[in-house]
Amino acid sequence: MVVTPWEVKGKVDYQRLIKEFGTQPLTEDLLKRLERYTGSLHLQLDRQIFFSHRDLDAVLDLYEKGTKFVLYTGRGPSGPVHIGHLVPWIFTLHMQQKFNTRLYFQLTDDEKFLIDDSVDLKTTQHWAYENALDLVALGFKPEDTFIIYDTQDMDLLYDLTLEVAKRITYSTARSTFGFQDSTNIGWVYWPAIQAVPCFIHKKLTGENVPALIPAAIDQDPYWRVTRDIAQKLGYYKPAQIHCRFLPGLGAGGKMSASMPETSIFTKDSPEIVKKKIWNAFTGGKGTAAEQRKTGADPTICSIFQYYFFLFEQDKTKLAERERRCKCGEMLCGECKKDVAEKLGKFLEEHQKRREKAKDTIEQYHIKR
Ligand code: TYM
């Protein structure tokens, strides 16, 4: 298993990551505390899609005493957004609505330029704009959502990146991120830039409040180095809430833009979606007759995961689908057809909202 901000490979063992990264599991107690503020548990909490955290308890303690928090998340724009990226953003929207708080959203066109030899800056800047449309299409409101485009907004970030970079040694950065002699020096400096939105709220408003970061667990190394230096700079340590990866449509592995055949992009047409779903890896058997007799295995099925993560909100219906799959009553074709329809509808709506977002996108750009 490899889980870094730039690569996720192999079967991800989430319990092992909690130990290796030194994070905390999301306990029943914490979920109950969250539920008190949110009314009912969000599907992604209830199904343990968000499974780990750092200092969520501390953020809630402060909240109970009257100190608010801000949300912070982001995207490295090297290509189109896939539905895996939407998983933490959907949860972020829920948290924003329930806690009535600001979101800072960073588009790291500089990061993607530095780490990927095959793209130039124009390309990552283009994708930053395109990816921002997907964020807006999810329903974030401009008055509470502040998008940072790194290459456009570096004047705002630069003094803070210097403060951060000065306090992280090369030795810490190398051991956290695995830098090699051949790593370009832009990349070595770059983690300071992902740290800065954790602290930007104070610069903009004068208010010193913690940041809570919803993201998949691959981003955790950034927060380790940021947490180490936050208090030295007079800020709260940023808190995190970590989610699992939505798998791709192949046999194992996360959905990843570098594998377009097994990823569903938000701009995919219904025909492409159907084709990708049709070719997806499932837990089915070699023949329909065998599957009717012995049933299939939803635990290894990529399609079942889409119901679990996104498309079946109703627990009873999800359990019924699982039962019918396991006993061979429902075959993969039916399940694939249903999910292609649900995905098609979801994407059709999303694409309409994405088009409309072109009229309002400027309102979200962070103001000085
Ligand atoms: P990036 O573009 O790799 O990923 C954007 C967000 O999507 C999450 N993610 C996934 N979540 C569920 N299932 C998947 N298959 C999946 N693939 C990716 C990532 O964890 C991330 O939350 N360096 C960052 C950009 C960034 C950022 C941030 C991300 C800047 N500041 C603060 C999170 C929080 C990047 O390249 O993300």
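Definitions and limits used
Residues numbered from 1 in each chain as written. Predicted model: local features only at pLDDT ≥ 70, side-chain atom pairs only at ≥ 80, totals over all residues. Heavy atoms only, no water. Helix = DSSP H or I, 4+ residues; strand = E, 2+ residues; numbered from the N terminus. Rg over C-alpha atoms; globule rule 2.2 N^0.38 Å. Contact = heavy atoms within 4.5 Å. Areas by Shrake-Rupley, 256 points an atom, 1.4 Å probe, with all protein chains shown as cover. Lys, Arg positive; Asp, Glu negative; His and termini not counted. Charge placed at Lys NZ, Arg CZ, Asp CG, Glu CD. Domains from an automatic or database assignment. Buried area = accessible area lost by both parts, 1.4 Å probe. Salt bridge = Lys/Arg side-chain N within 4 Å of Asp/Glu carboxyl O. Polar contact = N/O pair within 3.5 Å; in protein donor to acceptor, adjacent residues only side chain to side chain. Nonpolar A, V, L, I, M, F, W, Y, C, P; charged D, E, K, R; others polar. Buried < 20%, exposed > 50% of the residue type's maximum accessible area, 1.4 Å probe, protein only. Near = heavy atom within 4 Å. 1 Å grid on protein atoms, 1.4 Å probe; cavity = no way out; pocket = protein on both sides within 12 Å on 5 of 7 lines; lining within 4 Å. Points joined across faces, edges and corners; volume = space filled by probe spheres on them.

**Observations concerning the overall build of the protein**
Okay, step 1: Helix and strand counts for the protein stand at 18 helices and nine strands.
Okay, step 2: Scaling as 2.2 N^0.38, a compact globule of 368 residues should have a C-alpha radius of gyration of about 21 Å, and the protein matches this with 21 Å.
Okay, step 3: Once the C-alpha set of the protein is aligned to its principal axes, its extents read approximately 65 × 45 × 45 Å.
Okay, step 4: Taking contacts inside the protein between residues at least 6 apart in sequence as the whole, the part at least 24 apart equals 78%.
Okay, step 5: With the model as given, the accessible surface of the protein reaches about 16900 Å², and the carbon-plus-sulfur share is 51%.
Okay, step 6: If you average the places of the 52 positive and of the 49 negative side-chain charges in the protein, the two averages end up 3 Å apart.

**Description of the domain arrangement of the protein**
Okay, step 1: One can read the domain layout of the protein as domain 1 (2-245) and domain 2 (260-355).
Okay, step 2: Domain 1 and domain 2 are separated by 29 Å when their C-alpha centres are compared.
Okay, step 3: Of the residues lining the interface, 18 residues belong to domain 1; the matching set on domain 2 comes to 20 residues.
Okay, step 4: Where domain 1 abuts domain 2, roughly 1800 Å² becomes buried across the two surfaces, and 64% of that area is made up of carbon and sulfur atoms.
Okay, step 5: Three residues stand out in domain 1 for area buried against domain 2, namely Arg-47, Ile-83 and Ala-137, and they jointly supply 37% of the buried area on that side.
Okay, step 6: Put simply, domain 1 and domain 2 have four salt bridges between them.
Okay, step 7: Salt-bridge contacts for Asp-134 lead to Arg-354; the nearest nitrogen and oxygen are separated by 3.1 Å.
Okay, step 8: Counting the contacts that link domain 1 with domain 2 gives twelve residue pairs in polar contact (both at pLDDT 80 or more).
Okay, step 9: Every element with two or more residues in the side of domain 1 that touches domain 2 is listed here: helix 3 (43-46), helix 5 (83-99) and helix 7 (121-137).
Okay, step 10: Among the residues forming the side of domain 1 that touches domain 2, the class breakdown is twelve nonpolar, one polar and five charged.

**Notes on the pattern of salt bridges**
Okay, step 1: Counted by the stated rule, this structure contains 24 salt bridges.
Okay, step 2: In this structure, Asp-220 engages Arg-54 in a salt bridge whose closest nitrogen and oxygen atoms are separated by 2.6 Å. A residue pair is termed long-range when its members are at least 10 positions apart, and Asp-220 in helix 13 (residues 220-230) and Arg-54 in strand 4 (residues 50-54) qualify at 166 residues.
Okay, step 3: By relative accessible area, which is 0% here, Asp-220 ends up buried.
Okay, step 4: Of the residues examined, Arg-54 reaches a relative accessible area of 9% and is grouped as buried.
Okay, step 5: Because the salt bridges share partners, they merge into one network encompassing Glu-320, Arg-323, Arg-324, Glu-329 and Glu-334.

**Regarding the site of the ligand**
Okay, step 1: Every one of the 25 residues lining the ligand counts as a neighbour, but Arg-75, Gly-76, Glu-111, Gln-194 and Asp-218 are closest to it.
Okay, step 2: At 2.9 Å, a side-chain N or O of Lys-254 approaches a nitrogen atom of the ligand.
Okay, step 3: Measuring from a nitrogen atom of the ligand, one finds a backbone N or O atom of Met-255 at 3.2 Å.
Okay, step 4: Where the shell around the ligand is concerned, the elements lending two or more residues are strand 5 (70-75), helix 5, helix 6 (109-115) and strand 8 (211-216).
Okay, step 5: The dominant element in the shell around the ligand, judged by the number of residues it contributes, is strand 5, at four residues.

**Some remarks on empty space enclosed by the protein**
Okay, step 1: Following the criterion strictly, the structure yields two cavities of 30 Å³ or more and no others.
Okay, step 2: Its boundaries defined by the atoms lining it, the largest cavity holds a volume of some 110 Å³.
Okay, step 3: Contributing to the lining of the largest cavity are 14 residues, with Thr-282, Cys-301, Cys-325, Cys-332 and Cys-335 lying nearest its centre.
Okay, step 4: Looking at the lining of the largest cavity, the elements that each hand over two or more residues are helix 16 (302-311) and helix 18 (332-360).
Okay, step 5: The leading source of residues in the lining of the largest cavity is helix 18, at three residues.
Okay, step 6: For the lining of the largest cavity, the per-class residue count stands at nine nonpolar, four polar and one charged.

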